[in-house]
Amino acid sequence: MLVLAVDTSTPAVTAGVVDLTEPADAGAVVTTLATRVRVDARSHAEILTPNIVECLAEAGITAAELGAVVVGVGPGPYTGLRVGMATAAAFGDALGVPVYGVCSLDAIAADVSEPGSLLVVTDARRREIYWARYEAGTRVAGPDVVAPAELDPVGIDAVAGSAPHAAVFALPIRDVQAPSPAGLVAVAVADIGSRIDPGPLVPLYLRRPDAKTLDERAAAKAVK
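Remember, it's a predicted structure, so these values are computed and weren't measured experimentally.

Draft legend 1. A look at the nonpolar core. Membership of the largest hydrophobic core comes to 25 residues, with the highest contact counts inside it found for Leu4, Val6, Leu48, Ile52, Val69 and Val71. Contributions of two or more residues to this core are made by β1 (2-7), β2 (12-21), α1 (44-59), β4 (68-72) and α2 (78-95). With near-sequence residues (within four places) excluded, Val6 lies in contact with Thr14, Ala15, Leu48, Ile52, Val70, Val71, Gly72, Gly84, Ala88 and Leu184. Of all hydrophobic cores here, the second largest spans 13 residues; its members include Leu20, Ala68, Leu184 and Val185.

So, in structure tokens, the structure goes:
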């Protein structure tokens, strides 16, 4: 099955085409056919679709040949995250294929494949980080958002994420700026293989967006 994978949970705008095969005598094999990653936190909407088009061309396929779409649902900032999810939903609706949402931190953990205890962190802005903890690849805590000083790294063997945010912990660093298409698909393999009907995409914002509605602004002024 050919799968489109996208993620906009970090400053990187990620798209890729992945070939997912299921041999009778082994687990699923995930092969990346094309990847485009561009770091630009302010241009997710402008960059994502061209990235997808380039990936389809490089893989030598048309969108009609895709059998599924996988999208990172965060955690991530409100504006960037909704670009990836809306685009994934639009492709799925237009092609009539299922769209699977996966935790973006899970995808980073899948890319790293740390056998011990792994902490995955990404930039949450406001001097905070999004984080989740994994034991032998399985998430055991998080995702959540905190200031780095509030997170206890005791018992963790390594930290994965963008180097500037991982470097605040005195641990071995796995510099992974964003989830890869293969990592995203790897997290969704079981659901794709079982052909389950995915539910609605639910974003992991973990906190309210900075922007407020007119009603919220009026309510805040009334309190003052």
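Draft legend 2. Focus on the pairing of strand β8 (residues 138-146). Here six bridges tie strand β7 (residues 128-135) to β8, and the two strands are oriented antiparallel to one another. Across the sheet, Trp131 pairs through a bridge with Asp144, a residue of β8. As consecutive antiparallel partners, β7 and β8 are separated by two residues, and within that stretch Ala136 has a phi angle of approximately 50°, a positive value.

Draft legend 3. Just the packing of α1 against α2, in detail. Two numbers describe how α1 lies on α2: the axes approach to 9 Å, and their chain directions differ by 35°. Both α1 and α2 take part in a crossing whose hand is right-handed. Of α2, the residues touching α1 (which contributes His44, Ala45, Leu48, Thr49 and Ile52) are Gly80, Val83, Gly84, Thr87 and Phe91.

Draft legend 4. Representation of the UniProt feature "domain: Gcp-like" (unreviewed entry) in the protein chain. What UniProt calls "domain: Gcp-like" (unreviewed entry) maps, in this numbering, to residues 41-157. Across residues 41-157, the secondary structure splits into 37% helix and 30% strand, with the terminal C-alpha atoms separated by 30 Å.

Draft legend 5. Region of the structure containing the sheet that holds strand β10 (residues 173-175). A sheet is described by the order of its strands in space; here five strands give the open sequence β8-β7-β6-β9-β10, paired in mixed fashion. At either end of the open sheet lies a strand with only one pairing partner, and these are β8 and β10. Taking the axes of each pair of neighbouring strands and ignoring which way they run, one obtains an average angle of 20° across the sheet. In this fold helix α3 (residues 104-112) packs onto β6 (117-125), β7, β8, β9 (158-161) and β10, with an angle of close to 135° to the strand it touches most, β6.

What counts as what
Residues numbered from 1 in each chain as written. Predicted model: local features only at pLDDT ≥ 70, side-chain atom pairs only at ≥ 80, totals over all residues. Heavy atoms only, no water. Core = buried A, V, L, I, M, F, W, Y, C linked by side-chain atoms within 4.5 Å. Buried < 20%, exposed > 50% of the residue type's maximum accessible area, 1.4 Å probe, protein only. Helix = DSSP H or I, 4+ residues; strand = E, 2+ residues; numbered from the N terminus. Contact = heavy atoms within 4.5 Å. Pairing = 2+ DSSP bridges. Axes fitted to C-alpha atoms, helices over the stretch in contact; angles between N-to-C directions. Left-handed = near helix turned anticlockwise from the far one by under 90°. UniProt positions renumbered as here; feature names shortened; annotations may be inferred.

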